[in-house]
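Here is how the chains run, residue by residue.
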Amino acid sequence: MSKPDDTKPTPPTGLRKGLTSYGDEGFSLFLRTAFIKGGGYTRAALDRPVIGITQTASGYNPCHGNMPQLLEAVRRGVMLAGGLPMEFPTISLHESFASPTSMYLRNLMAMDTEEMLRAQPMDAVVLIGGCDKTVPAQLMGAASAGLPAIQLITGSMLTGSHRGETVGACTDCRRYWAKFRASEIDAQEVEDVNDQLVPSVGTCSVMGTASTMACIAEALGMTVPGGASPPAVTADRMRVAEATGTTAVQLAREKLTIDRILTPQAFENAMRVLLAIGGSTNAIVHLAAIAGRLGYELDLRGLDRLGRETPVLLDLKPTGQHYMEHFHAAGGMATLLRELKPLLHLDAMTVTGRTLGEELDAAGPGFAQDVVKTRANPIHAQGSVAVLWGNLAPGGAIVKQSAADPRLMEHEGRAVVFENAADLAARLDDPALDVTADDVLVLKRIGPKGHPGMPEAGYLPIPKKLAQQGVKDMLRISDGRMSGTAFGSIVLHVTPEAAIGGPLAWVRNGDRIRISLSRRELALLVSDEELAARRAAEPVVPPTAERGYRKLFLDTVTQADRGVDFDFLASATRRGSVP
Ligand code: FES
Ligand code: MG
């Protein structure tokens, strides 16, 4: 037996991972130990698994306003399980405060997260996110970094009450703003309801992108069971945070890395859930990006196939009537997953080290409630999202059929074209605009490169003169995105986008456009010869930038079907397609 070598200092186990390049490993660890002791840590505190915790509080992000309480609960959970919690900041993104759109910065947050996970010594990480782009950014970054990771959701805000009616961000924000635009309510009332739409910290209370990504994170197996639904300000949310800390230590000990959780089975489960909850169309883009980080391509035809056989079960706005707190009271994801059971891969592994099926069995039999419908009696027989193809969208386009008017889903109309977002703003409300309710509003150049970040401008407002006549919905088409809290007969993510020369670029006023949901068709009724002539007459020059992040973005961003990620961030290894 060799004698322990007490001539060399033994660095604490928790700090050994990774190195600072001084060319002398021993010295690097010696320095690291000195500095952490400078933070007030004893030697004994350092001999245990280190659990990194991403701290994403920001004065600009009320959706993460419960961060201090969450951090306290996560730290407690980590320490109860014998780990050492180490929180560190990353970028935080809020939907309303990130200009031109939070999506422009999602990849930056993903890079920040990935590189800090790589750079700093940690054995596992707790990712705390909530507002729309934060959870996908964190999952993308963590998927690339490859260490054991667990997602903690900040949780939804409470609902408010306006003159006796339950309201919440942001479906009702849009609804009241539309009423104001149509002169149905006055300036005083729109001011009054503004006080009630966001009644607490937390994420939007409807099935917008934040709630969708929370449900998807749980469906992927990336949260503790029940991690999606508790509102931000509840004890349930704090207990989820404590359990997340405890589970992170277990993940670190078992070295259960993220690639063993984010498998093709997990992605298919996530897509089933997206379809069954009437989730945000943004989640399709995010799932494509997360999958791409692990070498999987999201197959839109496969998604459409799942959509034909997955009913919408969750009765939440904007598709239905309830809010996240009601979903939570109805048992949250366990209730939904139990109902979806025959459609799920129950053997998919989760962060607890148990499979989705094992966790569902442990969650028990459920109880009577009316927020999650049964498969026998769904809200929609088919899933929330359908994929369209045609000469207008050779790479596909998305429609949220559950939020659309069925009459407009089998429709042919005259195109009323806006060349870009500024053109739309300048002319949409012009009383002289030549437009009727049967026309098709077309907005170009709000795709990933056309309006960097692909803003949520795909929800084109109804032209004011039609809104005042009581028109509530029209067929609208763009290469942009739409907020998950919006609703209407809206075709999104037209690929390839106009700004790089997709066919959308050559649509002109008066062209006929046909949509058929039943045939999954989006057709521009213009001959190939005519389109080729227009293409030759007005060649498209893709946008570029001189320097900085904008240059990186425009030079490398992919189209919607590849997740609007930067091309160099996807995995270089191709592992196949999902679902
Ligand atoms: Fe943050 Fe809606 S603005 S979730
Ligand atoms: Mg949103």
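Residues numbered from 1 in each chain as written. Chains lettered and ligands numbered in written order. Predicted model: local features only at pLDDT ≥ 70, side-chain atom pairs only at ≥ 80, totals over all residues.

The protein is annotated in an unreviewed UniProt entry as Dihydroxy-acid dehydratase from Ramlibacter algicola. Its UniProt record gives the protein a comment under Sequence similarities (unreviewed entry), which states: "Belongs to the IlvD/Edd family." (UniProt positions renumbered as here; feature names shortened; annotations may be inferred.)

1. So, the sheet that holds strand β3 (residues 124-129)
Sheet architecture is open: 4 strands sit in the order β2-β1-β3-β4, paired in parallel fashion. The sheet is open, and its two borders are formed by β2 (84-89) and β4 (149-153), each paired with just one other strand. Recorded for the sheet is a direction-independent mean angle of 25° between the axes of neighbouring strands. (Pairing = 2+ DSSP bridges. Helix = DSSP H or I, 4+ residues; strand = E, 2+ residues; numbered from the N terminus. Axes fitted to C-alpha atoms, helices over the stretch in contact; angles between N-to-C directions.)

2. Let's talk about the environment of T436
Summarising the element assignment, T436 is placed in the loop between α15 (421-427) and β11 (440-443). As a C-alpha pair, T436 and P463 span 27 residues in sequence and 9.2 Å in three-dimensional space.

3. Section: helix α4 (residues 134-145)
In a regular helix each residue adds 1.5 Å, so 12 residues correspond to 16 Å; α4 covers 16 Å between its end C-alpha atoms and thus fits that length. Of all 12 residues in α4, 12 are buried; the element is thus mostly enclosed. Of the positions making up α4, those classed as buried are T134, V135, P136, A137, Q138, L139, M140, G141, A142, A143, S144 and A145. The inward-facing, buried residues of α4 abut β1 (50-55), α3 (102-119), β3, β4, α7 (209-219) and α10 (282-293). Looking one or two residues beyond α4, the residue adopting positive phi is G146, at roughly 85°. (Expected span 1.5 Å × (residues − 1). Buried ≥ 20, exposed ≤ 12 C-beta atoms within 10 Å, placed from the backbone. Contact = placed C-beta atoms within 7 Å.)

4. Here we look at the nonpolar core
If you look at the biggest cluster of nonpolar residues, it comprises 172 residues, and the most contacted ones within it are I51 and L314. Each of domain 2 (166-194) and domain 3 (385-543) gives at least three residues to this core. (Core = buried A, V, L, I, M, F, W, Y, C linked by C-beta atoms within 7 Å. Domains from an automatic or database assignment.)

5. What about the packing of helix α9 (residues 264-276) against helix α11 (residues 300-309)?
A pair of packed helices is characterised by two quantities: the angle between their axes and the separation of those axes. Orientation of α9 relative to α11, taken along the N-to-C sense of each, is 55°, at an axis distance of 10 Å. Relative to α11, the element α9 is oriented oblique. Between α9 and α11 the crossing geometry is right-handed. For the pair α9 and α11, contact is made by M271, R272 and L275 and by L303, L306 and G307, respectively. Taken together, the residues of the contact of α9 with α11 sort by class into 4 nonpolar, 1 polar and 1 charged. (Parallel < 35°, antiparallel > 145°, perpendicular 65-115°, else oblique. Left-handed = near helix turned anticlockwise from the far one by under 90°. Nonpolar A, V, L, I, M, F, W, Y, C, P; charged D, E, K, R; others polar.)

6. Regarding the UniProt feature "domain: Dihydroxy-acid/6-phosphogluconate dehydratase N-terminal" (unreviewed entry) in the protein
Summarizing the sequence annotation, UniProt attributes the feature "domain: Dihydroxy-acid/6-phosphogluconate dehydratase N-terminal" (unreviewed entry) to residues 48-358 in the numbering used throughout. Taken end to end, residues 48-358 comprises 48% helix and 10% strand; its first and last C-alpha atoms sit 29 Å apart.

7. Observations concerning the domain arrangement of the protein
According to the domain assignment, the protein contains domain 1 (11-47), domain 2 (166-194) and domain 3 (385-543). Inter-centroid distance (C-alpha atoms) of domain 1 to domain 3 is 57 Å.

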